[in-house]
Amino acid sequence: MLLPSLLARLGLTALAAVLALGWLLYPGFAELRSSRSKLRWLARHDALTGLPNRQQLVELLRAALQRARAGGGMLAVLFLDLDRFKTVNESLGHEAGDRLLMDVSARLRSALGPGDTLARLGGDDFVVLLDLLADAAAASRVAERLLHALRAPFPMGEHVVYTGATVGIALSPGDGSDVDRLLGRADAALFQAKQASPGSWRFFSDGDPRLLDERLELESALRGALQAGQFELHYQPKVDVRSGHLSGAEALLRWHRPGQGTVPPGVFVPLLEDMGLIAAVGEWVIGAVCAQQARWRAQGLEPVSVAVNCSARQFQGCSLAEQVARALRAHGLPGRLLEIEVTESVLMQKPDSVGEVMRSLQDMGVESSIDDFGTGYSSLAYLKRLPVRTLKIDRAFLLSLPDDAEDAAIVQAVLALARALGRKVVAEGVERAGQLDFLRRHGCDEYQGYLCAPALAPAEFARMLQARRTAGA
């Protein structure tokens, strides 16, 4: 009678009791309960790092704002974006990128106090919530600690990776007392910090009322810029190191935003990448370069080869080779007047497919080059196999030449490697005679930079072509 009495007291029928007991004794019950628990956890956490995700961050921030309003306290939101993460992800692969994100998360956590919240919003975007602050200076001190924590190198198997971050800070109640406004202003502060000084931190400033919406305004304007004809190309001359004669050029994209002047490429090119517009703009650049080459020829000028930078998106499938072929046919140009530049990160992302496109370009007479050589993680085996004609030494290795022994050794090593492989070398960012003398002594082929000329509008570059014809070069 004990069991019926207990069931009656619990308000359970015999059938319900049997079903309940059977459910509890079901072999998969513990596993199912564990699965449901995992799903609840995943709904509020980032699966890779275990940090709170956007959903949980919003909940925590909403609660913190309520406490701050009730107690009259201050809190801060820090929006953090990693530097060079895309290069690591594309050069070493997504597994290495994930490893870097986990290591970064661990370092950031170690730089925070026990009451601080670190969340990952996705990609390389992190947010820190600082509750119960004494003053704004406390937020800046935390930002400094976060940046310092990321300065040491990250071991990645055979590689050593250096990264950093840029931080935007918004304070409540001064910058807003609701979740969306505060996160938006922290993101706006990050955007401003990237424009002013990447690798630094910055408070949101409401001195410019457009700041919060600046990125959205830029994105909106960019969407119509191509159709409105707001892009144009300038041409950075390449010069033969030994003779001093014009030997080529690099096409550089410029955006003239109506009413705003010229927008720096460092601001709008990453936005084109983020918005998925870079492939369309890249195709326009190829067509515009070929059209300009045809105009110069019509003026009786003999054009030089012009290099065009191409993004990873343009190397997907065979569309790039098809675009180049169409542009050359449309303007009746030989392939030797066009060169395709690819960064090391793009090359190592999918070396086989990139190599296939390069070979198709080579069949048309179009040469390929590796831009920013030495800053990524390219494999010498791929360098040997791929039809790459030119290596471009990044300007970062030239800044301290000829005085810095380490930079001098790196440049000499690249030049020796290029000679052994039968490749040409172009040095970027040459600004002083001492740099040029060093490059000349060690056998560099070409250079570009302010020592020769800045990037020139088409009419100005045409004058260099005219002078080249007059000189008989």
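Going by the structure above, here's the rest.
Please read all numbers here as calculations on a predicted model, not as lab measurements. (Residues numbered from 1 in each chain as written. Predicted model: local features only at pLDDT ≥ 70, side-chain atom pairs only at ≥ 80, totals over all residues. Heavy atoms only, no water.)

S.K.: Can you help me understand the overall build of the chain in this one?
M.R.: Counting secondary structure elements, the chain contains 18 helices and 16 strands. Taking all 473 residues of the chain together, 46% fall into the buried category. Within the chain, contacts between residues separated by at least 24 positions form 68% of all contacts whose residues are at least 6 apart in sequence. A total accessible area of about 22900 Å² is found for the chain, and carbon and sulfur atoms account for 54% of it. (Helix = DSSP H or I, 4+ residues; strand = E, 2+ residues; numbered from the N terminus. Buried < 20%, exposed > 50% of the residue type's maximum accessible area, 1.4 Å probe, protein only. Contact = heavy atoms within 4.5 Å. Areas by Shrake-Rupley, 256 points an atom, 1.4 Å probe, with all protein chains shown as cover.)

S.K.: Before we go on, may I ask you to explain the packing of aromatic side chains in this structure?
M.R.: Summed over the entire model, instances satisfying the criterion amount to eight aromatic pairs. Judged by centre distance (5.4 Å) and plane angle (85°), the rings of Trp201 and Phe203 are edge-to-face. Ring centres 5.2 Å apart and planes at 65° place the aromatic pair Tyr235 and Trp296 in the edge-to-face group. Here Tyr235 is found in strand β8 (residues 231-240), whereas its partner Trp296 is found in helix α11 (residues 278-298), with 61 residues between them in sequence. Note on Tyr235: relative accessible area 2%, which makes it buried. Joined through ring pairs, the aromatic side chains of Phe231, Trp255, Phe268 and Trp284 make up one cluster. It is Arg107 that lies over the ring of Phe154; its NZ or CZ is 3.6 Å from the centre. (Phe/Tyr/Trp six-rings, centres within 6.5 Å; stacked < 30°, edge-to-face > 60°. Lys NZ or Arg CZ within 6 Å of the ring centre and 35° of its normal.)

S.K.: Where do I start with the packing of helix α12 (residues 319-331) against helix α14 (residues 351-363) in this structure?
M.R.: For any two helices packed against each other, one specifies the crossing angle of their axes together with the interaxial distance. Close contact between α12 and α14 brings their axes to 9 Å; oriented N to C, the two are set at 20°. The pairing of α12 with α14 is recorded here as roughly parallel in orientation. Judged by the twist between their axes, the crossing of α12 over α14 is right-handed. Residues Leu320, Ala321 and Val324 of α12 form the contact with α14, whose participating residues are Val357, Ser360 and Leu361. Within the contact of α12 with α14, the residues separate by chemical class into five nonpolar, one polar and no charged. (Axes fitted to C-alpha atoms, helices over the stretch in contact; angles between N-to-C directions. Parallel < 35°, antiparallel > 145°, perpendicular 65-115°, else oblique. Left-handed = near helix turned anticlockwise from the far one by under 90°. Nonpolar A, V, L, I, M, F, W, Y, C, P; charged D, E, K, R; others polar.)

S.K.: What should I look at first to understand the packing of helix α4 (residues 54-71) against helix α8 (residues 179-196) in this one?
M.R.: At a closest axis distance of 10 Å, the pairing of α4 and α8 adopts a crossing angle of 110°. In terms of their interaxial angle, α4 and α8 are classed as roughly perpendicular. Contact residues: α4 offers Leu57, Val58, Leu61, Arg62 and Leu65, while α8 offers Val179, Leu182 and Leu183. Residues that form the contact of α4 with α8 fall into these classes: seven nonpolar, no polar and one charged.

S.K.: How do you make sense of the pattern of salt bridges when you look at a structure like this?
M.R.: Pairs may arise between side chains of opposite charge once their charged atoms sit close together. Scanning the model with the defined rule gives 15 salt bridges in all. The partner of Glu339 in a salt bridge is Lys238, with the nearest N and O atoms 3.6 Å apart. Of this pair, Glu339 sits in strand β12 (residues 338-343) while Lys238 sits in strand β8; the two residues are 101 residues apart in sequence, bridging distant segments of the chain. A relative accessible area of 5% means that Glu339 is categorised as buried. We note a salt bridge from Arg440 to Asp437, for which the minimum N-O separation is 3.0 Å. Of the two residues, Arg440 and Asp437 both sit in helix α17 (residues 433-441), three residues apart, roughly one turn of that helix. (Salt bridge = Lys/Arg side-chain N within 4 Å of Asp/Glu carboxyl O.)

S.K.: Teacher, can you tell me more about the pairing of strand β3 (residues 125-133) here?
M.R.: Of all nine residues making up β3, seven are buried, and the element is well covered by its neighbours. Pairing of strand β1 (residues 74-83) with β3 involves seven bridges; the strand directions are antiparallel. When the sheet's bridge partners are listed, Asp81 is paired in β3 with Asp125. Both strand β2 (residues 117-122) and β3 contribute to a ladder of five bridges, which runs antiparallel. What sits directly across from Thr117, in β3, is Leu129. Between β2 and the antiparallel strand that follows it, β3, lie two residues; Gly123 among them carries a positive phi value of about 60°. (Pairing = 2+ DSSP bridges.)

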